[in-house]
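# Reading the structure
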Amino acid sequence: MPRLLKKIHGDWQICDVAEISWKTQEEWRAGSALQVSVDAEPAPGWLDASSIAIEFPAMTDGRGLSLAVLLRNRLGYSGELVARGSVHQDIAHFLARCGFDVIELPDEERLETALRWIDPHTGYYQPSVISRESALNNAS
Amino acid sequence: MYQYNEFDRNFVNQRVAHYRDQTERYLQGDLSEEEFLQLRLRNGLYVQRLAPMLRVAIPYGTLSSQQLRALASISNDFDRGYGHLSTRQNMQFNWPALEDVPDILQALADVDMHAIQTSGSCIRNVTTDQFAGAAADEDIDPRPFCELLRQWSTSHPEFEWLPRKFKIAVTGATFDRAAIGVHDIGIRINGSSEQPENALVDIYAGGGLGRTPVLGALIREQLPVKHLLTYTEAIMRVYNRYGRRDNKYKARIKILVRALTAEGFKAQVDEEWAAINHEQGAVPAAELSRLSAFFAPPSFAELDNAGELLGTQRLENPAFNRWMKHNVHPHRVRGYSVVTLSTKTTGMPPGDVSSDQMDAVASWADSYGFGEIRISHEQNFVLPHIPQDKLYGLWQQADAVGLGHFNAGLISDMICCPGGDYCSLANAKSLPVAEAIQRRFADYDYQHDLGNLDLNISGCMNACGHHHVGHIGILGVDKKGEEFYQISLGGHAGHSGESPRLGQIVGPSVAREEVCDVIEKVIQVYLEHRFVGETFLSCFNRIGILPFKESIYAKAA
């Protein structure tokens, strides 16, 4: 049973979950779990996925962050969004603010580090997928 | 200048805490070299040829006397008593210990400074006109907009992991001293500082130097400034998603803009921007007013121009006269001047300043100039608001500590990267070349006769020394393991009131010992061809590159 970092009712936790059978864009059908690459173009049909995973080819590849923002803000996807692949514990907080609510990491130590730093600041300069609050809006 | 509030202070302190934890995990072996690299870069730490190098952000080149004193202390406590002013208005320390960096960052945070995003593939320190808020030719102060962009781009969750580094420059003056045409995004603000919310912005994209120098394309004109952030977001998103990631030499936004064509890129950005809820994301007018208030002019005294006094002082002291001619610039307020303190003294690496010099500049800023200091991309200090009757005293003090050199804008005021002496990317040394040229052209009358001449030196094609936009550019290249130098002519960064232009390579590269002779030949051709009062650049524009080529590469008879 895989262990991962998951946001449950607004709180991030390390938990065990049932294995998901991810399908590629070619194999995928409505109601099943869809895994896409970071260069995929979001399609309205994805709203019917039981869960969506974005696979990062490298810790430095920020395309998955933009794709997540588009899924959340443009497509209106509100289901589970999973970060998989070369995901790094020290980037978890960026993933969280781009709308991911599940983060896969290879071992307990990395999960704990990611959890410890999932929200490193008490406030942020810009609004994000998960919060309209920002330093820029404080003046208004 | 901008004053941190509790939010900003919490932010930088929390960032230091996070980085301290990352450093500890690296030192314990929990983070690999490769993993830590990405994290330390985003906190300003490189590992260079000889030691780590920490690049401290000086947002848009503005700092207070208190902050400069803190930089001086840091250079004494953690480095070797000096710092280096970079071509992007930052300060670099060349010898910090990796394990000390969290403490250095805390010392910076204590005076409202940081090193966030000064390296790595993310949005870097926003740069601007070093005379902002003081220049006589300024329409609108660009700094509130720079601060807006600084805040927005700091730890932006979506744009921290771009294909490559990303540089934004902003100007609000007639003469573009920020070189907006050679940045990933260049922004021209049109309007007045009294009504910042009514400003309109022109946005250029895809400019840059480096291996493939390109001038930015104008992709949006007269955009209401409240949309500045959402439009920038649209550009960043298109770049983040479609910029190349397979080859770091083709990963800058200029390559994407070229591949799509400027029109194609603009269409894609406009389509993205249309899909963003840009009214919801608009910058509130109150926020623009709040930021602008920080940059309100200091309480200038009602002064008269000190022409008569200065006239006497200049007659009495020829060295002061030279300095007045080259290093003192018109201020927008009567009775005040803008002063450039040159770091380009022969024998000192361009941009290097000692802690004593930093302390001295801070004290002059306090005594004469409202405690304000600027760093220019020409790697000099600027004191933006000096009463004219204090100029002579200031100059005497500056001259006593090696900061009173008269060469601002002259051939010896070259822009120069640290080159092969320090940088692990460099193909060739740049500092000895700079010094040799300064020695060859040391004679004041000769330099003065040559007039404004931008000579820029880069130790490799990454072009940190901006060689493409020097009137004379020198680029270090590696030829089968030997250091050679390629000379280009006729470039400029746009600060003469025209659109910037890239220099033309004059011919095959030359050995280091030949560089000075080649530069001298270039100068000779100019002197032979120029009309009375014609600058090097105008003369080059008129006669073209051929006469220079012929002189440099003439076969011995």
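Keep in mind the model is a prediction, meaning the values are calculated, not measured. (Residues numbered from 1 in each chain as written. Chains lettered and ligands numbered in written order. Predicted model: local features only at pLDDT ≥ 70, side-chain atom pairs only at ≥ 80, totals over all residues. Heavy atoms only, no water.)

### Digging into the pairing of strand β19 (residues 482-489) of chain B
Residue and element names in this part refer to chain B. Here strand β18 (residues 472-479) runs beside β19; their pairing, made up of eight bridges, is antiparallel. Across the sheet, residue G476 finds its bridge partner in β19, namely Y485. Where β19 lies against strand β21 (residues 510-511), two bridges are found, and the strand directions are antiparallel. For Y485, the partnering residue across the bridge sits in β21 and is V510. Summarising the sheet, β19 and strand β20 (residues 504-505) pair through two bridges and their orientation is antiparallel. Within β20, the position partnered with L489 by the bridge is Q504. (Pairing = 2+ DSSP bridges. Helix = DSSP H or I, 4+ residues; strand = E, 2+ residues; numbered from the N terminus.)

### Some details on the packing of helix α3 (residues 65-78) of chain B against helix α12 (residues 355-368) of chain B
Residues and elements named next belong to chain B. Contact geometry of α3 with α12 gives a least axis separation of 8 Å together with a crossing angle of 165°. Between α3 and α12, the angle is such that the two are roughly antiparallel. Handedness of the α3/α12 crossing: left-handed. Counted together, S65, L68, R69, L71, A72, S75 and N76 of α3 and S355, M358, D359, V361, A362, S363, A365 and D366 of α12 form the full contact between these two elements. (Axes fitted to C-alpha atoms, helices over the stretch in contact; angles between N-to-C directions. Parallel < 35°, antiparallel > 145°, perpendicular 65-115°, else oblique. Left-handed = near helix turned anticlockwise from the far one by under 90°. Contact = heavy atoms within 4.5 Å.)

### Some words on helix α9 (residues 285-294) of chain B
Residues and elements named next belong to chain B. Regarding α9, the residues found buried are E287, L288, L291 and S292. Buried residues in α9, looked at end-on, bunch into an arc of 130°, giving them a common side. Tucked into the core, α9 has its buried residues touching α5 (143-153). (Buried < 20%, exposed > 50% of the residue type's maximum accessible area, 1.4 Å probe, protein only. Arc of directions from axis to C-beta.)

### Notes on helix α13 (residues 391-400) of chain B
One turn of the α-helix equals 3.6 residues, which is why residues spaced by three or four share an orientation. All names here are of chain B. Residues of α13 that are buried: L391, Y392, L394, W395 and A398. Taken around the axis of α13, the buried residues stretch over an arc of 160°, which confines them to a single face. Buried-residue contacts for α13 involve α10 (307-316), α11 (318-327), β11 (328-330), β12 (336-341), α12 and β15 (381-387). Looking one or two places after α13, you find G402, whose phi comes out positive at around 80°.

### Observations concerning the environment of M236 of chain B
Residue and element names in this part refer to chain B. With respect to the helices and strands, the residue M236 is situated in helix α6 (residues 228-242). Each C-alpha atom, one on M236 and one on A72, is 36 Å from the other, the two residues being 164 residues apart in sequence. Setting aside chain neighbours within four positions, we find M236 in contact with I123, W152, F159, L162, F166 and I185.

### Thoughts on the side chain of Q89 of chain B
Residue and element names in this part refer to chain B. Take Q89: it is sitting in the loop between β4 (82-85) and β5 (91-93). Note on Q89: relative accessible area 1%, which makes it buried. Of the polar contacts made by the side chain of Q89, one reaches the backbone oxygen of I375; its length is 2.9 Å. Discounting residues that sit within four places of it in the chain, Q89 has contacts with I58, Y60, G61, N125, T127, T128, Q130, I375, S376 and H377. (Polar contact = N/O pair within 3.5 Å; in protein donor to acceptor, adjacent residues only side chain to side chain.)

### Quick word on the packing of aromatic side chains
Within a pair of aromatic rings, the relevant descriptors are the distance that separates the centres and the angle that separates the planes. Evaluation of the coordinates by the stated rule reveals 26 aromatic pairs over all chains. Chaining the aromatic ring pairs together yields one cluster made of Y124 and Y125 of chain A together with F7 and F11 of chain B. Residue placement shows R97 of chain A over the ring face of Y124 of chain A; its charged tip is 3.8 Å from the ring centre. Across the ring face of F484 of chain B, the terminal group of K479 of chain B is positioned such that the distance to the ring centre comes to 4.9 Å. (Phe/Tyr/Trp six-rings, centres within 6.5 Å; stacked < 30°, edge-to-face > 60°. Lys NZ or Arg CZ within 6 Å of the ring centre and 35° of its normal.)

### Comments concerning the domain arrangement of chain B
All names here are of chain B. In terms of domain boundaries, chain B breaks down into domain 1 (6-109), domain 2 (134-294), domain 3 (307-400) and domain 4 (415-552). The distance between the C-alpha centroids of domain 2 and domain 3 comes to 32 Å. On the domain 3 side, the residues contacting the six residues of domain 2 number nine residues. Here domain 2 and domain 3 share an interface that buries about 570 Å² over both sides, 47% of which is from carbon and sulfur atoms. When the area that domain 2 buries against domain 3 is broken down by residue, the three leading residues are A134, A136 and R143, summing to 70%. Linking domain 2 with domain 3 are one salt bridge. Here E372 and R143 are joined by a salt bridge, their closest N and O atoms 3.6 Å apart. Counting across the domain 2 and domain 3 interface gives four residue pairs in polar contact (both at pLDDT 80 or more). Residues that form the side of domain 2 that touches domain 3 fall into these classes: three nonpolar, no polar and three charged. (Domains from an automatic or database assignment. Buried area = accessible area lost by both parts, 1.4 Å probe. Salt bridge = Lys/Arg side-chain N within 4 Å of Asp/Glu carboxyl O. Nonpolar A, V, L, I, M, F, W, Y, C, P; charged D, E, K, R; others polar.)

### Let's talk about a positive patch on the surface
Taken together, the side chains of R211, K248, K250 and R258 of chain B define a basic patch exposed on the protein surface. Note on placement: K248 of chain B falls in the loop between α6 and α7 (253-260). (Patch = residues over 30% accessible without salt bridge, like charges linked within 9 Å, V, L, I, M, F, W, Y side chains within 5 Å. Areas by Shrake-Rupley, 256 points an atom, 1.4 Å probe, with all protein chains shown as cover. Lys, Arg positive; Asp, Glu negative; His and termini not counted. Charge placed at Lys NZ, Arg CZ, Asp CG, Glu CD.)

### As for the sheet that holds strand β7 (residues 168-171) of chain B
All names here are of chain B. Spatially, the five strands line up as an open sheet ordered β6-β7-β8-β9-β10, and their pairing is mixed. The sheet is open, and its two edges are formed by β6 (127-128) and β10 (217-224), each paired on a single side. Here six bridges tie strand β8 (residues 185-190) to strand β9 (residues 200-205), and the two strands are oriented antiparallel to one another. Note that in β9 the partner of I185 across the bridge is A205.

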